[in-house]
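Descriptive analysis of the structure
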Amino acid sequence: MPKRFAPGSDAKERAAGSRPENAGATCCSSASADVPPAAPSALSERRQAAAARAVGAGLGYSILLIVVALVGLVASVELVLSEIRYYAEPNAHLICDINPLVGCSSSLVSEQAHLLFGIPNSVVGTAFYGGLLGLGLALLCGGRLPRLVWWGLSLAALVSAVFVVFFAHASITQFQALCPWCSLIWLVSVPFVVHTWARAAERGFLPLSEGAAHFLVANRWLLTAALYGLLLAAVGVGLADRIALVL
């Protein structure tokens, strides 16, 4: 027998057939709204890690670095000019020769002043402090230095500390005089060493415990003053005879 349809049954069937599809679409759209965002890719994680390793510095350290670089640069250039004049006129009076205690002619052309393959330390210092000035300006402008650069700064601070001890010992025991330009470099090297290590330790770039890093950061100015005192005491005891001549 031919199939009978109730009035409106065709419309009901069409509506019933369309409901599952619409319901499924609604369900899918609701589920997609609840899906959490995809995890970052490995490349994205590496980039984020690299960005985390590149950090800047505060205003105080940036200004300190610039001051250290400017003073060291001026002192190094003056030493270069003094050596050039000494070779041009060996008997000329150098501006850095002031009295029996303060003078540079005795150390200017010594082996200690040409440690790196015979290159004058003043030339090496000019290049070093020029680069340091660039880093200080970059930090002042909000730049971020990668981990490798912070390691390089920490190593440079260590070399600076060794140089200060070496040349202070040579000035006291061999030259029996204080080179004024060298003394300026000593003065700015002390805060450069202490504050660079403090900032590197604060950011986890030095193999120090959290307590040691906190102590170094919190007492960086006290440590700077203590090292100045040690340096002054060494000069006062080692060059007491020369000091007596000028007093």
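Above: the structure in question.
This structure is a prediction, so every number in the text was calculated from the model and none was measured.

Turning to the pattern of salt bridges, a few remarks are in order. On inspection of all chains with the given rule, the structure shows 2 salt bridges. Its salt-bridge partner being Arg-203, residue Glu-202 comes within 3.0 Å of it at the nearest N-O pair. On the basis of relative accessible area, Arg-203 is assigned to the partly exposed category, the value being 27%. The structure contains a network of salt bridges with shared partners spanning Arg-199, Glu-202 and Arg-203.

Let's shift gears to the state of the cysteines. According to the stated counting rule, one finds 1 disulfide in the structure shown. A disulfide bridge connects Cys-96 with Cys-104, and the sulfur atoms are separated by 1.5 Å. Considered together, Cys-96 and Cys-104 belong to a single accessibility category, that of buried residues.

Let us now look at the packing of helix 3 (residues 59-88) against helix 7 (residues 180-202). Viewed as axis vectors pointing N to C, helix 3 and helix 7 meet at an angle of 150°, and their least axial separation amounts to 9 Å. Here helix 3 is positioned roughly antiparallel relative to helix 7, judged by the angle of their axes. For helix 3 against helix 7, the interelement crossing comes out left-handed. Between helix 3 and helix 7, the contacting residues are Tyr-61, Leu-64, Leu-65, Val-68, Val-71, Gly-72, Ala-75, Ser-76, Glu-78, Leu-79 and Ser-82 on the first element and Trp-181, Cys-182, Leu-184, Ile-185, Val-188, Pro-191, Phe-192, His-195, Thr-196 and Arg-199 on the second.

Before going further, it helps to spend a moment on helix 5 (residues 121-140). Look at helix 5: 28 Å from first C-alpha to last across 20 residues, which is about the 28 Å you get at 1.5 Å a residue. For helix 5, the full list of buried residues reads Asn-121, Ser-122, Gly-125, Tyr-129, Leu-132, Leu-133, Gly-136 and Leu-139. Viewed end-on, helix 5 has its buried residues packed into an arc of 125°, placing them on one side of the element. One or two residues past the end of helix 5 sits Gly-142, with phi positive at roughly 90°.

Our focus in this paragraph is a nonpolar patch on the surface. Side chains of Leu-115, Leu-155, Leu-158, Val-159, Val-162, Phe-163 and Phe-166 sit close together on the surface and give an oily, nonpolar patch of about 600 Å² of accessible area. In this fold, Val-159 is placed in helix 6 (residues 147-175).

Phi is positive for Phe-117, close to 55°, though the residue is something other than glycine. Here Phe-117 lies in the loop between helix 4 (105-108) and helix 5. Notably, Gln-176 is not glycine yet its phi reads approximately 55°, a positive angle. Note on placement: Gln-176 falls in the loop between helix 6 and helix 7. Gln-176 gets classed as partly exposed once you look at its relative accessible area, which sits at 25%.

How each quantity is defined
- Residues numbered from 1 in each chain as written.
- Predicted model: local features only at pLDDT ≥ 70, side-chain atom pairs only at ≥ 80, totals over all residues.
- Heavy atoms only, no water.
- Salt bridge = Lys/Arg side-chain N within 4 Å of Asp/Glu carboxyl O.
- Buried < 20%, exposed > 50% of the residue type's maximum accessible area, 1.4 Å probe, protein only.
- Disulfide = S-S within 2.5 Å.
- Axes fitted to C-alpha atoms, helices over the stretch in contact; angles between N-to-C directions.
- Helix = DSSP H or I, 4+ residues; strand = E, 2+ residues; numbered from the N terminus.
- Parallel < 35°, antiparallel > 145°, perpendicular 65-115°, else oblique.
- Left-handed = near helix turned anticlockwise from the far one by under 90°.
- Contact = heavy atoms within 4.5 Å.
- Expected span 1.5 Å × (residues − 1).
- Arc of directions from axis to C-beta.
- Patch = residues over 30% accessible without salt bridge, like charges linked within 9 Å, V, L, I, M, F, W, Y side chains within 5 Å.
- Areas by Shrake-Rupley, 256 points an atom, 1.4 Å probe, with all protein chains shown as cover.

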